[in-house]
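Examining the three-dimensional arrangement
Each chain, written out:
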Amino acid sequence: MGRRVKRAFRYRFYPTASQAAELARTFGCVRKVYNLAVVARTEAWKLRQEHVNYSATSAMLTAWKKTEELAFPKQVSSVPLQQTLRHLQCAFTSFFAKRARYPTFKSRKRSRRSAEYTTSGFRYRDGTLTLAKMAEPLAVVWSRPLPEGASPSTVTVSQDAAGRWFVSLLCDDVIEETVAPNAAVGIDAGLENLLTMSTGEKIINLRHERRDRIRLARLQRSLARKEKGSANRTKARLKVARIHARIVDRRRDHLHKLTTRLVRDNQTIVIEDLTVRNMIKNRSLARAISDAAWQQFRTLLEYKADWHGRTVIAVDRWFPSTKLCSACGAVVEKLPLNVRTWTCRCGTTHCRDVNAARNILAEGLSVAACGGGVRPQREYSRAGQPPAKQETQRVTAGIPRFQTTG
């Protein structure tokens, strides 16, 4: 018996001219209604100290449609408009719970172009999908089958910056149980090697962005020379967006394959609790860190582990995994980044990354034995040091000296 989960299946589709125009109007109305609701809720609080919920904004939407100035939302389906108000309610709930920032306006140029339809706004029958206000079904490329007997609960239509159209169907799916291997692995994230396992295996960093960097720079220079608002600038922007889309697709595909293999082969996976948001403030390494996509790797790993009943443990970011000898437990005081191998006085020669992965695994298993998850900052964290992927110094009496080799 497998585990029942909500799962989104994403497909590309090719709309007709009339369908593209209808969806473009829908995207515009969704953005307009969202922004109006943000203004209404903000003014209600600032002027009257009044909380406005979803029901109140839904009533406002009905009143807006009756005005001459805002009558155009009546031309599109009301389902995506109601859904965007529900999303705004969730955004404000997260803000008041201090999980997110205050909701901001949706930009016509920068915000994601999308619209969500519930069951009353679409029809799915015999492999054909038809949205409200459309006479013909969408020309969807069914690259993989939906679960047998699946009935989508929501459909999200979106268009990316490269002009590609996608539809995402949320369905109930059953994740088949797999034999849980009694194996545990520690993972050290890096830039030269994307991942280094405690088993000694190294996953090379494919550097997806670097492969297209020269062409991307040339197209970006061409875009900068185009006059704003011109048709040539739009064409140049699409060329740049297609390069970025190709980079993102390659990176996502690689991370999906990698995380799937890790979850299938291990029962316990131990990683570092990295704060990528702070790390990319390093101007010298920001591009390389962003290209490595450590945060995306963790997100994919965690939800797949949850599906398959695996355990993911994140150790404290301050844990000195690299400087700690995995054989005798001593800590070296200094270990520059250019030193890739080093020898402890106990006689053990370590590969920097493999040693870190082994220490991460040991620390994670001790955390699991204590019944914890991510440990709080401990006494060896230095006050005022930014939380980043670097080992902190711990001065301990009687620590032996180390010999380092480049």
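The model shown is predicted, which means the values in this text are computed figures rather than measured ones.

**Observations concerning the overall build of the protein chain**
Counting its regular elements, the protein chain contains ten helices and 15 strands. The dimensions of the protein chain, computed from C-alpha atoms along their principal axes, are 80 × 55 × 50 Å. For the protein chain, the proportion of its 406 residues judged to be buried stands at 44%. A separation of at least 24 residues holds for 73% of the contacts in the protein chain among residues at least 6 apart in sequence. Counting only carbon and sulfur atoms, one obtains 51% of the accessible surface of the protein chain, whose full area is about 22900 Å².

**Notes on the environment of Cys-328**
Along the chain, Cys-328 falls in the loop between strand S12 (311-315) and strand S13 (341-343). Spatially, the C-alpha atom of Cys-328 lies 9.7 Å from that of Gly-347, the residues being 19 residues apart in sequence. The residues contacting Cys-328, other than those within four sequence positions of it, are Cys-344 and Cys-346.

**Focus: the pairing of strand S6 (residues 154-159)**
The side chains of a regular strand alternate between both faces of the sheet. Counting buried positions along S6 gives six out of six residues, so the element sits mostly inside the fold. The alternating pattern of S6 places Thr-154, Thr-156 and Ser-158 on one face and Val-155, Val-157 and Gln-159 on the opposite face, and all of these are buried. Where strand S2 (residues 113-118) meets S6, six bridges bridge the pair, whose relative direction is antiparallel. Across the sheet, the residue bridging to Arg-113 is Gln-159, located in S6. As paired elements, S6 and strand S7 (residues 165-175) share six bridges and run antiparallel to each other. Following the sheet pairing, Ser-158 is matched in S7 by Phe-166.

**A look at helix H3 (residues 78-96)**
Between its first and last C-alpha atoms H3 spans 28 Å; for 19 residues at 1.5 Å apiece the expected length is 27 Å, and the two agree. Buried within H3 we find Val-79, Pro-80, Leu-81, Gln-82, Gln-83, Thr-84, Leu-85, Leu-88, Phe-92 and Ser-94. Residues of H3 that are buried sit in contact with helix H1 (17-48), helix H2 (54-65) and S2. At the N-terminal end of H3, a side-chain oxygen is found 3.3 Å from the backbone nitrogen of Val-79, two or three residues along, and the residue is Ser-77.

**Quick look at the layout of surface pockets**
For the largest pocket, the calculated volume is near 1400 Å³. In terms of lining, the largest pocket is formed by 38 residues, of which the most central are Lys-109, Ser-111, Arg-113, Asp-160 and Ala-161. Put simply, the parts of the chain that give the lining of the largest pocket at least two residues each are strand S1 (3-13), H1, S6, S7 and helix H6 (231-265). Considering every element that reaches the lining of the largest pocket, the biggest residue donor is H6, with nine residues. By residue class, the composition of the lining of the largest pocket is 13 nonpolar, eleven polar and 14 charged.

**So, the UniProt feature "domain: Probable transposase IS891/IS1136/IS1341" (unreviewed entry) in the protein chain**
Under the local residue numbering, the UniProt record ascribes the feature "domain: Probable transposase IS891/IS1136/IS1341" (unreviewed entry) to residues 174-282. Secondary structure content for residues 174-282 is 51% helix and 19% strand, while the C-alpha to C-alpha distance between its ends is 43 Å.

**Regarding the side chain of Arg-310**
Checked against the element boundaries, Arg-310 lands in the loop between helix H9 (294-308) and S12. Among buried charged residues, Arg-310 stands out as having no salt bridge; its nearest opposite-charge side chain is Asp-265, 7.6 Å away. Engagement of the side chain of Arg-310 in a polar contact is seen with the backbone oxygen of His-308, the distance being 3.0 Å. Leaving out residues up to four positions away in the same chain, Arg-310 has contacts with Thr-178, Val-179, Ala-180, Pro-181, Val-263, Arg-264, Asn-266, Gln-267 and Ala-305.

**Digging into the sheet that holds S1**
Taken in spatial order, the five strands line up as S2-S6-S7-S1-S5 in an open sheet, and their pairing is antiparallel. A single partner strand is all that each edge strand has here, and the edge strands are S2 and strand S5 (140-141). In this fold H9 packs onto S1 and S7, with an angle of close to 135° to the strand it touches most, S1.

Rules of the game
Residues numbered from 1 in each chain as written. Predicted model: local features only at pLDDT ≥ 70, side-chain atom pairs only at ≥ 80, totals over all residues. Heavy atoms only, no water. Helix = DSSP H or I, 4+ residues; strand = E, 2+ residues; numbered from the N terminus. Buried < 20%, exposed > 50% of the residue type's maximum accessible area, 1.4 Å probe, protein only. Contact = heavy atoms within 4.5 Å. Areas by Shrake-Rupley, 256 points an atom, 1.4 Å probe, with all protein chains shown as cover. Pairing = 2+ DSSP bridges. Expected span 1.5 Å × (residues − 1). Polar contact = N/O pair within 3.5 Å; in protein donor to acceptor, adjacent residues only side chain to side chain. 1 Å grid on protein atoms, 1.4 Å probe; cavity = no way out; pocket = protein on both sides within 12 Å on 5 of 7 lines; lining within 4 Å. Points joined across faces, edges and corners; volume = space filled by probe spheres on them. Nonpolar A, V, L, I, M, F, W, Y, C, P; charged D, E, K, R; others polar. UniProt positions renumbered as here; feature names shortened; annotations may be inferred. Lys, Arg positive; Asp, Glu negative; His and termini not counted. Salt bridge = Lys/Arg side-chain N within 4 Å of Asp/Glu carboxyl O. Axes fitted to C-alpha atoms, helices over the stretch in contact; angles between N-to-C directions.

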